[in-house]
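Given next are the chains, with one letter for each unit.
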Amino acid sequence: MSQTNTSLLDEVVQWSQETCRQELKSVLPKLTSMQHKSESWDDHIRILKIITDMFLPHIGLSELEDECFSKILPKAVTVFDSMMKEISDQVGGLSSQNTELCALLRNILQAMMQIIDALSTCVRHVGSFEEAPDLDAIRSLPTCILKVLRETFQHCKESEVVYCGRLSLVADLLQGLFKEAYSLQKGLLELLDRISLNSNASEEEVSDIVTVIHSLLDICSIISNLDIALHANTWKFLIKQSLKYQSLVEEHLHHGDISTNLCENILASFHNCLELAEQIKHAGLQETTQNPEYRLFQKTAKMCRFFANTLVHYIKEFKFFLSKYCSSFHQLYLQVISKFPPSLCAPTLPTALSAELNAVALVPMDALLLQLLPLRPFAEVVLQQDLRLSPEHELPQCLLLVSVLGQLATQPEEVLQLWYTGSQFSEETPRLPLYGALFTSFRHCYTERKVPVFLPGVMMKGQAQLQVTLHHHVCVQLCASVAALPPVYFPVLERCLVDAVLQADIHTALLATDVWCFTARYGTAELCLHHVLLIAQLLKTCTAECYQSFHMGLLLKRMVFLMTPNHQMELVTRFPPSKVENILVWRHVLLRALSQDVRHRVETDVIGITQKALIDWQNGGYRLGQMDKVNTVLLSLLMVVQGQSSPEEQCVLSAARIVTQVWLRMSSDQVQTHPVLQCTLQLLLSISATLVKNIEPQVICQALLCVDALVSQKCADQLLLAALEFLASLGKIFVPPESQSQILPRLSSLFGVLLADRSWLLHQHALEAFSHFAEVTNHEEVISQSLCVEETKTKVVNYLSKTVNAQEDLESRLQRLKRETPEIEQHNGKLENNKENISNKQAAEVVTDSEPCPKRARQETSAEEEYSRYIQTAESALKALQTLTEGKSNTTAPPQWLESRLKELQSLITHISTARHTT
């Protein structure tokens, strides 16, 4: 600095306030010019302090910007930045031994504090005027101050890294610097709060206030971990200014940055709360205000609530500018919900802490959702067709959709249409209907359904609130929604129910079935009839063993209970059980669901069509090509016999005669060879298990022969399960002494083999079947003979005593279920991608209506085994024929051709015997 300038400064500092006021016009320009040209920090700060302390008080509000602020403040910011850079350049050599460098850095920090103090003087001077200033009158002041504040707070935040273990050498000055900056920001915000822009504000003024808001947003991201109060107050002012000038700034604000920062702050404070709550729990600390950890938890929770409520308010005011960021809001909701029960990744916290977290985070999420409901982009995000979520977010997504369902009741028509209908036109972003999305989301919660997780049930008067499964919770909410659904959306509901029942996941199909039954019961009888006829028609289009047939059959089975007698008769009229093609419908109906007249009609028709099919089969020479038709009628016969209560009913007696007739044609060696006969055997076993008290011992013996022939080879599980059902039913009867030698040893042998099966499914059913048999049988020797193997005996004893050999701990079970989830999804995906059920293809055998091919390969067996098998078949057939001709229940005379055929057989036996002796 020149000697002249130094002399001027030395002279000015001696002036009184009056002299400064008088010489303002002549000296201030010189001082501002000197400050602008100053090269040393000391000169700059000296001039700045003289201007702000001695001349600023005498400058009028209208002259502040042009005469002072616009000239001195930019230079002050430049100097402040150069000081920051110098610290960054020099701090690497800082140590307690390097006293010179330490003194230099401390002097720089003190100089920075002086600049901040000068800026505070400017703020106080503007605030001293009674009238609120226009923004144009001080436009340089907030801009420059916010730059200095940002650099200061950034330096304080990074101080541990910047000073790298030598922070203690300057800690006192850094603390002072932060306090000065804190005070400066507080003063600036109070000043800005007094300023008002009207609707006619200039573009420059609007730009200035937008710059202030964005600068404060930058500061917020820096101070989030420095000071809770400063952070909260800065955000309050930022949002307040945004709302105060909403009409002016809404098109200029960085809404994405603001909303994203709010979301990040919510999650940060929420996760901090969780960590503090875990610390309090593990340390066993009391939840009292004397506990510092608990006080910090409360402060952090308060910040979480503040940010959540702030975001809700901001979305409410600027929702139409936030369409691009709905995905962030969706993720925020999922992340918060995932940390609360019943989510499997939610921490277990003390009740009091959990309740506080619920109030500060969970409750605002409902308010957030309410604001987002009218936004089409949010609906498109939530309802997108191929929504890929992490496993821990599947349940929160399901609960989100349930919450939407509950909140729609109070929404206007356009919001209902947005959520209920799904996308309608190709140009729309594809989205599912809400009901369809909810069923899909529920399907993805496989692990949570299997654990199972529990949620609070609906409050009932006079009853305590119960914990219910996810299935129960979703079902109740869906049914409540259906009850209040406007009629215009009912077709959408129907389509979603059909889709849910026809998809591969059984639990989701059961949920849809529950909702469908409620819909039918809540609606009119005509609606129920309409739906039953629809379901019946769908069943007719399904192959017998596909999963769609199983799901629709479960639904039909329940829906028939809800029909009126007249409508049940109409179902019979529309789908007569006397026609083979309708058996696929009636096989699923429970007779006890029908009125007396309808039941009698169904029984008569089924018995009639079964007898006709068997006569046709007999007249056709018992060809294998006709067995598919026989199996179809046996399927309907099974439905009839399962609905009978008394073994003396005419229907039961007729069914027993039919089953006996088919059993007589069954040959164990043919069953081994032809899969279509294995289907027949499965049906016969299931029917015979129900009719066991009406089955003759010879027929039972024939059945055991067929089962014995199959258990040694690999056959379908469902066939073995039917065999176990039949074996268990034999405990209900007493075998005549003359037949015990043929039946009881084979029965013991079969139980022994099936109890030793390595398949967990068959082994479990074998234990159950053997248990049922042992409880009621009079032939106790079968029990002991079945348990000759010590390992089998031990397993049975453990099962009966309910002994658990290996208890799976909760964590292992949870991990196992999580590993099962992708396997189940993959299996269901394969089922849905195949046009025809794979298992159905394997179970059925395509045979023409002709004799089997004579070149069919057969299993190689010894000659003795072949002789034994054919003799057993012939012996069983002849004994069954004897039972039929001598049976007391048989009131009809034998056919006239029987005697001649018997003579032919006798001649054939004589011929075989003679040929053997002459060979």
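Reading guide: rules and limits
Residues numbered from 1 in each chain as written. Predicted model: local features only at pLDDT ≥ 70, side-chain atom pairs only at ≥ 80, totals over all residues. Heavy atoms only, no water. Helix = DSSP H or I, 4+ residues; strand = E, 2+ residues; numbered from the N terminus. Rg over C-alpha atoms; globule rule 2.2 N^0.38 Å. Buried < 20%, exposed > 50% of the residue type's maximum accessible area, 1.4 Å probe, protein only. Contact = heavy atoms within 4.5 Å. Areas by Shrake-Rupley, 256 points an atom, 1.4 Å probe, with all protein chains shown as cover. Lys, Arg positive; Asp, Glu negative; His and termini not counted. Charge placed at Lys NZ, Arg CZ, Asp CG, Glu CD. Axes fitted to C-alpha atoms, helices over the stretch in contact; angles between N-to-C directions. Parallel < 35°, antiparallel > 145°, perpendicular 65-115°, else oblique. Left-handed = near helix turned anticlockwise from the far one by under 90°. Phe/Tyr/Trp six-rings, centres within 6.5 Å; stacked < 30°, edge-to-face > 60°. Lys NZ or Arg CZ within 6 Å of the ring centre and 35° of its normal. Expected span 1.5 Å × (residues − 1). Core = buried A, V, L, I, M, F, W, Y, C linked by side-chain atoms within 4.5 Å. Bend = angle between axes of the 7 residues up to and from the residue. Polar contact = N/O pair within 3.5 Å; in protein donor to acceptor, adjacent residues only side chain to side chain. pLDDT = per-residue confidence, 0-100. Salt bridge = Lys/Arg side-chain N within 4 Å of Asp/Glu carboxyl O. Patch = residues over 30% accessible without salt bridge, like charges linked within 9 Å, V, L, I, M, F, W, Y side chains within 5 Å. Disulfide = S-S within 2.5 Å.

### Let's talk about the overall build of the chain
For step 1, the next point in the chain: From N to C terminus, the chain includes 42 helices and two strands.
For step 2, the next point in the chain: Compactness check: the chain gives a C-alpha radius of gyration of 44 Å against a globular reference of 29 Å for 919 residues, more than 25% above the reference.
For step 3, the next point in the chain: Referenced to the eigenvectors of the C-alpha coordinate spread, the extents of the chain come out at roughly 150 × 65 × 60 Å.
For step 4, the next point in the chain: Burial status across the chain gives 48% buried among its 919 residues.
For step 5, the next point in the chain: For the chain, contacts bridging at least 24 residues in sequence account for 76% of all contacts bridging at least 6.
For step 6, the next point in the chain: Per element, the accessible surface of the chain, about 45500 Å² overall, is 52% carbon and sulfur.
For step 7, the next point in the chain: Within the chain, the 101 negative side-chain charges are centred at a point lying 6 Å from the centre of the 78 positive side-chain charges.

### Some words on the packing of helix α28 (residues 596-619) against helix α29 (residues 627-642)
For step 1, the next point in the chain: Packing of α28 against α29 brings their axes to within 9 Å, and their N-to-C directions diverge by 155 degrees. In terms of orientation, α28 lies roughly antiparallel with respect to α29. Note that α28 runs across α29; the crossing there is left-handed. Here α28 contributes V602, E603, V606, I607, I609, T610, A613, L614 and W617 to the contact with α29, which in turn contributes M627, V630, V633, S636, L637, M639 and V640.

### Considerations on the packing of aromatic side chains
For step 1, the next point in the chain: Evaluation of the coordinates by the stated rule reveals 15 aromatic pairs.
For step 2, the next point in the chain: Residues F270 and F340 carry aromatic rings whose centres are separated by 5.6 Å and whose planes lie at 25 degrees to one another, so their mutual orientation is stacked. Taken as a pair, F270 in helix α12 (residues 255-283) and F340 in the loop between α14 (326-337) and α15 (351-372) lie far apart in primary sequence, 70 residues in all.
For step 3, the next point in the chain: Connected via pairs of aromatic rings, a cluster forms that spans F153, F178 and Y182.
For step 4, the next point in the chain: If you follow R449 out to its NZ or CZ, it ends over the ring of F442, 5.1 Å from the centre.
For step 5, the next point in the chain: A cation sits over an aromatic face here: R665 above Y622, 3.9 Å from the ring centre.

### Some words on helix α23 (residues 506-522)
For step 1, the next point in the chain: Its 17 residues place the ends of α23 24 Å apart at the C-alpha level, agreeing with the 24 Å of an ideal helix rising 1.5 Å per residue.
For step 2, the next point in the chain: Looking at α23, one finds that the buried residues are T508, A509, L511, A512, T513, D514, V515, W516, C517, T519 and A520.
For step 3, the next point in the chain: Residues of α23 that are buried make contact with α19 (434-444), α20 (446-450), α21 (470-483), α22 (490-502), α24 (525-541) and α25 (547-559).

### Points about the nonpolar core
For step 1, the next point in the chain: If you look at the biggest cluster of nonpolar residues, it comprises 289 residues, and the most contacted ones within it are F55 and W419.
For step 2, the next point in the chain: Here the element with the most residues in this core is helix α5 (residues 99-127); it accounts for 14 residues.
For step 3, the next point in the chain: The residues touching W419, leaving out its near neighbours within four places in the chain, are L373, F378, A379, V382, L383, V404, L408, L432, P433 and L434.

### Here's the deal with α15
Think of an α-helix as turning once every 3.6 residues; residues three or four places apart then point the same way.
For step 1, the next point in the chain: Under the 1.5 Å per step criterion, the end-to-end length of α15 is 30 Å for 22 residues, consistent within 8% with the ideal 32 Å.
For step 2, the next point in the chain: A bend of about 40 degrees at N358 is the largest found in α15.
For step 3, the next point in the chain: For α15, the complete set of buried residues consists of L353, L357, V360, A361, P364, M365, L368, L369, Q371 and L372.
For step 4, the next point in the chain: Considering only its buried residues, α15 is in contact with α12, α13 (292-318), α14, α16 (376-382) and α17 (394-407).

### With respect to the side chain of Q407
For step 1, the next point in the chain: With respect to the helices and strands, the residue Q407 is situated in helix α17.
For step 2, the next point in the chain: Judged by relative accessible area, which is 16%, Q407 ranks as buried.
For step 3, the next point in the chain: Polar contacts involving the side chain of Q407 include one to the main-chain amide nitrogen of L370, which spans 3.5 Å.

### Here we look at the packing of α19 against α22
For step 1, the next point in the chain: Where α19 meets α22, the closest approach of the two axes is 8 Å, and the angle between their N-to-C directions is 20 degrees. By the criterion of interaxial angle, the relationship of α19 to α22 is roughly parallel. Between α19 and α22 the crossing geometry is right-handed. Residues Y435, G436 and F439 of α19 pack against L493, C496, L497 and A500 of α22.

### What about unusual backbone geometry?
For step 1, the next point in the chain: Looking along the chain, the bond that leaves P341 and enters P342 is cis, with omega of 10 degrees.
For step 2, the next point in the chain: Cis geometry marks the peptide bond from V451 to P452; its omega dihedral reads -15 degrees.
For step 3, the next point in the chain: Within the fold, P452 resides in the loop between α20 and β1 (454-456).
For step 4, the next point in the chain: At Y622, a position not held by glycine, the phi torsion is positive, near 55 degrees.
For step 5, the next point in the chain: When you line up the elements, Y622 lands in the loop between α28 and α29.
For step 6, the next point in the chain: Among the residues examined, Y622 registers a relative accessible area of 27% and is labelled partly exposed.

### Observations concerning the confidence of the model for the chain
For step 1, the next point in the chain: Scored by pLDDT, the chain comes out at a mean of 88, with 92% of its residues at no less than 70.
For step 2, the next point in the chain: In the predicted structure, residues 835-862 sits below a pLDDT of 50 and forms 34 contacts with residues beyond four places in sequence or in another chain.

### Let's talk about the environment of V699
For step 1, the next point in the chain: For V699, the position within the fold is in helix α33 (residues 697-711).
For step 2, the next point in the chain: A relative accessible area of 3% places V699 in the buried class.
For step 3, the next point in the chain: As for V699 and H779, which are separated by 80 residues in sequence, their C-alpha atoms are 19 Å apart.

### Side note on the environment of I783
For step 1, the next point in the chain: Along the polypeptide, I783 turns up in helix α37 (residues 780-786).
For step 2, the next point in the chain: The exposure class of I783 is partly exposed, given its relative accessible area of 21%.
For step 3, the next point in the chain: Separated by 88 residues in sequence, I783 and I871 place their C-alpha atoms 29 Å apart.
For step 4, the next point in the chain: When sequence neighbours within four positions are dropped, the list of residues in contact with I783 reads F770, A774 and T777.

### A closer look at the environment of N834
For step 1, the next point in the chain: By the element assignment, N834 lies in the loop between α39 (810-833) and α40 (838-843).
For step 2, the next point in the chain: Distance from N834 to A232, taken between C-alpha atoms, is 58 Å for residues 602 residues apart in sequence.

### Structural notes on the pattern of salt bridges
For step 1, the next point in the chain: Enumeration according to the criterion identifies 27 salt bridges in this entry.
For step 2, the next point in the chain: Linking E151 and R150 is a salt bridge whose minimum nitrogen-to-oxygen distance equals 3.8 Å.
For step 3, the next point in the chain: Among the residues examined, E151 registers a relative accessible area of 29% and is labelled partly exposed.
For step 4, the next point in the chain: We classify R150 as partly exposed; its relative accessible area is 32%.
For step 5, the next point in the chain: D605 serves as the salt-bridge partner of R601, at 3.1 Å between the closest nitrogen and oxygen. Of this pair, R601 and D605 both sit in helix α28, four residues apart, which is roughly one turn of the helix.

### Digging into a nonpolar patch on the surface
For step 1, the next point in the chain: Together, L878, L902, L905, L908 and I912 make up a nonpolar patch on the protein surface, roughly 440 Å² of accessible area in all.
For step 2, the next point in the chain: Ranked by residue count, the leading element in the nonpolar patch is helix α42 (residues 898-918), at four residues.
For step 3, the next point in the chain: By the element assignment, L878 lies in helix α41 (residues 863-886).
For step 4, the next point in the chain: Classification of L878 by relative accessible area gives partly exposed; the value is 43%.

### Topic: the side chain of H473
For step 1, the next point in the chain: Counting through the fold element by element, H473 comes out in helix α21.
For step 2, the next point in the chain: Non-local contacts of H473, meaning those with residues more than four positions away in its chain, are made with L399, V402, L455, P456 and V468.

### Focus on the state of the cysteines
Disulfides are covalent bonds that connect the sulfur atoms of two cysteines.
For step 1, the next point in the chain: On inspection of all chains with the given rule, the structure shows zero disulfides.
For step 2, the next point in the chain: C706 carries a free sulfur, and the closest cysteine sulfur to it, the one in C701, is 9.9 Å from it.
For step 3, the next point in the chain: Note on C706: relative accessible area 0%, which makes it buried.
For step 4, the next point in the chain: Not part of a disulfide, C715 finds its nearest cysteine sulfur in C679, a span of 11 Å.

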